[in-house]
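Listed here are the chains, written in short residue letters.
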Amino acid sequence: MSLLEFKKVVFPGPLFSGCPPFDLALEAGECLVLFGRAGVGKELVLKLAAGILAPEAGEVLTRDARGKGPVPAGYISHKGGLLNNMSLLQNSMLPAVFHGALSLRAAEKRAKAVFDELGIAGLAARLPSMVTASGRMLAQVARALVAEPALIVADQPLSDIDPETARTVRRLLARLKADGRTGLLVSAGNIGPFLGLGDRFLLARRGRLDIFEGKAGLSASADPEVRSFLTEE
Amino acid sequence: MLGLLVRLGAWTRLSLSHVGNLAELFWLLAKALVFLKRPNLKLLFKIILVQVRFSGMDAIFLVAVIATLIGAISIMQAFSILTSLADDMVGTFLVGVIVRELGPLVTGVVLIGRSGTAMATEIGSMRLNGEIDALLAYRVDPLAFVVLPRVLGAVLSMFVLISVFDLMGVFGGFAVSATLTDISFTLLQSRVLSALSNIDLLLFAVKAVLFGTAIAMLSCYFGLQVQRSPTELPRAVTHAVVSALTVLFIIDGILAVGVYLI
């Protein structure tokens, strides 16, 4: 059973208006990297996958194959993604507590352990507006680690953060993938850092979505747009 | 003429759709409050405290200054217009003007200016920054943690701020009365207390709840209307302020008529 399935999905809005109904399946332990130029609709694909938007036609299904159930999908956004009226620690506890996956005390204990591991224990009590973009990104990763969703959707998780934090985030995403229970759908403006992580690559462009199998499939492609992304790297 | 009617019709339709959406929002908030699990309520309580600190505690000094001045000015005007204002009427005047009317009303205006604008801007920014999207992805009800704590925080803040306003307003009135007349503080205090009725206490609570709820809900509602661009933020804030002020005065008018008829 796939963690995420797009079944004959017709995308809302004009960005993929010429695109035929789209099918996709993402399995546990798999990482799909979505890339493309700015403004081609990467965020739209992510929002459909995360259940934030509904397709115009077709179905987007998310399932927790582990049967743990309460938090089917998590979202990491380069724009912020944390509530400003809660501390970073409370933000990271919220989904697990809301769904009853953990008691308040257990969630706090786990969140503190994750913050320690990420080296942001000192930021735990701060509000998101009081920390840098890197701190906010790490807190979002912490939220995903505490909630343990089956599917993690990450919108450009390495942009706007310092190189060291980017390495940490990438390492944690790799760890989540390696545990074999979590599926990752990651969008990237620059695919370089994800070449080793991605099992498949999805190129978004006006009216089209093309899948490439692994780094090898990407390297073998003569598509000028793919080449330009690889050359940039 | 036809154009005017068309515009009036469009405005009416838009207003009714806002009223419908707000009624739905109220229903969803009530449902969220009732069905939230216990650990969530504890988390919610912590967020409400943050909101009360911003909307209530941080505004105490401002409200105290405004209240003292309004109390002093009102009683000064009363003495200058009603030259025969008897000492025993000062208490009734302060309760009628400050406690019953100006306290909740001016506090409401302060709450709109300080917190309503902040709420609309914050929630609009949250929409733009994907904060609400992240909650939706985690299947966490955004209303429970974004709107509900602001509404409950605003109601609690109104209780705090109206109390401060009433105390300081009456104190301002006392100060002027004591200066202009021979009346003592003790006598004035007893006059005010004897002028206070159960209706005033009931009105205090009703206005705190209704004003706080209306201001926070309207501010959050217009903040949630922001969709794509930061340029929508100022418009959302303007809508929030204008509608909150309008509703504030309408509710106050209805309550005033109701009390008069009783």
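Residues numbered from 1 in each chain as written. Chains lettered and ligands numbered in written order. Predicted model: local features only at pLDDT ≥ 70, side-chain atom pairs only at ≥ 80, totals over all residues. Heavy atoms only, no water.

Attention now moves to the overall build of chain A. When its secondary structure is counted, chain A shows 7 helices and 9 strands. A compact globule built from 233 residues would reach a C-alpha radius of gyration of about 17 Å, and chain A, at 17 Å, matches this within 12%. For the C-alpha atoms alone, the extent of chain A along its principal axes is close to 50 × 35 × 30 Å. Of all 233 residues assigned to chain A, the portion counted as buried reaches 56%. Sequence separation of 24 or more characterises 73% of the internal contacts of chain A that already satisfy a separation of 6 or more. Accessible surface computed for chain A: about 9,100 Å², of which carbon and sulfur atoms make up 53%. Averaging the coordinates of the 28 positive side-chain charges in chain A and doing the same for the 24 negative ones gives two points 4 Å apart. (Helix = DSSP H or I, 4+ residues; strand = E, 2+ residues; numbered from the N terminus. Rg over C-alpha atoms; globule rule 2.2 N^0.38 Å. Buried < 20%, exposed > 50% of the residue type's maximum accessible area, 1.4 Å probe, protein only. Contact = heavy atoms within 4.5 Å. Areas by Shrake-Rupley, 256 points an atom, 1.4 Å probe, with all protein chains shown as cover. Lys, Arg positive; Asp, Glu negative; His and termini not counted. Charge placed at Lys NZ, Arg CZ, Asp CG, Glu CD.)

What follows concerns the interface of chain B and chain A. Where interface size is given, it is often the accessible area lost as the parts come together that is meant. In this complex, chain B contributes 28 residues to the contact, which on the side of chain A involves 33 residues. When chain B packs against chain A, close to 2,600 Å² is buried across both sides, 63% of that on carbon and sulfur atoms. Across the contact surface, chain B and chain A share 1 salt bridge. Salt-bridge contacts for Asp133 of chain B lead to Lys47 of chain A; the nearest nitrogen and oxygen are separated by 2.9 Å. There are 9 residue pairs in polar contact (both at pLDDT 80 or more) connecting chain B and chain A. Counting residues per element, the ones that place at least two in the side of chain B that touches chain A are α2 (38-55), α4 (87-128), α5 (131-137) and α6 (142-180) of chain B. Among the elements that line the side of chain B that touches chain A, the one with the most residues is α2 of chain B, at 7 residues. For the side of chain B that touches chain A, the per-class residue count stands at 16 nonpolar, 3 polar and 9 charged. (Buried area = accessible area lost by both parts, 1.4 Å probe. Salt bridge = Lys/Arg side-chain N within 4 Å of Asp/Glu carboxyl O. Polar contact = N/O pair within 3.5 Å; in protein donor to acceptor, adjacent residues only side chain to side chain. Nonpolar A, V, L, I, M, F, W, Y, C, P; charged D, E, K, R; others polar.)

Averaged over all residues, the pLDDT of chain A equals 86, while 95% of them reach at least 70. Mean pLDDT across the secondary structure elements of chain A bottoms out at helix α7 (residues 224-232) of chain A, with 81, and peaks at strand β3 (residues 31-35) of chain A, with 92. (pLDDT = per-residue confidence, 0-100.)

With that out of the way, let us pick up the sheet that holds strand β2 (residues 22-26) of chain A. Residues and elements named next belong to chain A. Strand order in the open sheet made by the 3 strands is β2-β1-β4, with antiparallel pairing throughout. Both outer strands of the open sheet, β2 and β4 (57-62), are each paired with one neighbouring strand and no more. In this sheet, adjacent strand axes meet at a mean angle of 5° when their direction is disregarded. Pairing of strand β1 (residues 4-10) with β4 involves 5 bridges; the strand directions are antiparallel. (Pairing = 2+ DSSP bridges. Axes fitted to C-alpha atoms, helices over the stretch in contact; angles between N-to-C directions.)

Moving on: the pattern of salt bridges. Residue and element names in this part refer to chain A. With the rule as written, the count across this model stands at 19 salt bridges over all chains. Of the charged contacts in the structure, one is a salt bridge between Arg181 and Glu148, with a shortest N-O distance of 3.6 Å. One end of the pair, Arg181, is in the loop between α5 (163-178) and β7 (183-188); the other, Glu148, is in the loop between α4 (133-147) and β6 (151-155), with 33 residues separating them in the sequence. In this structure Glu148 comes out as partly exposed when scored by relative accessible area, which is 25%. Each member of the salt-bridge network shares a partner with another, and the members are Arg205, Arg208, Asp210, Asp223 and Glu225.

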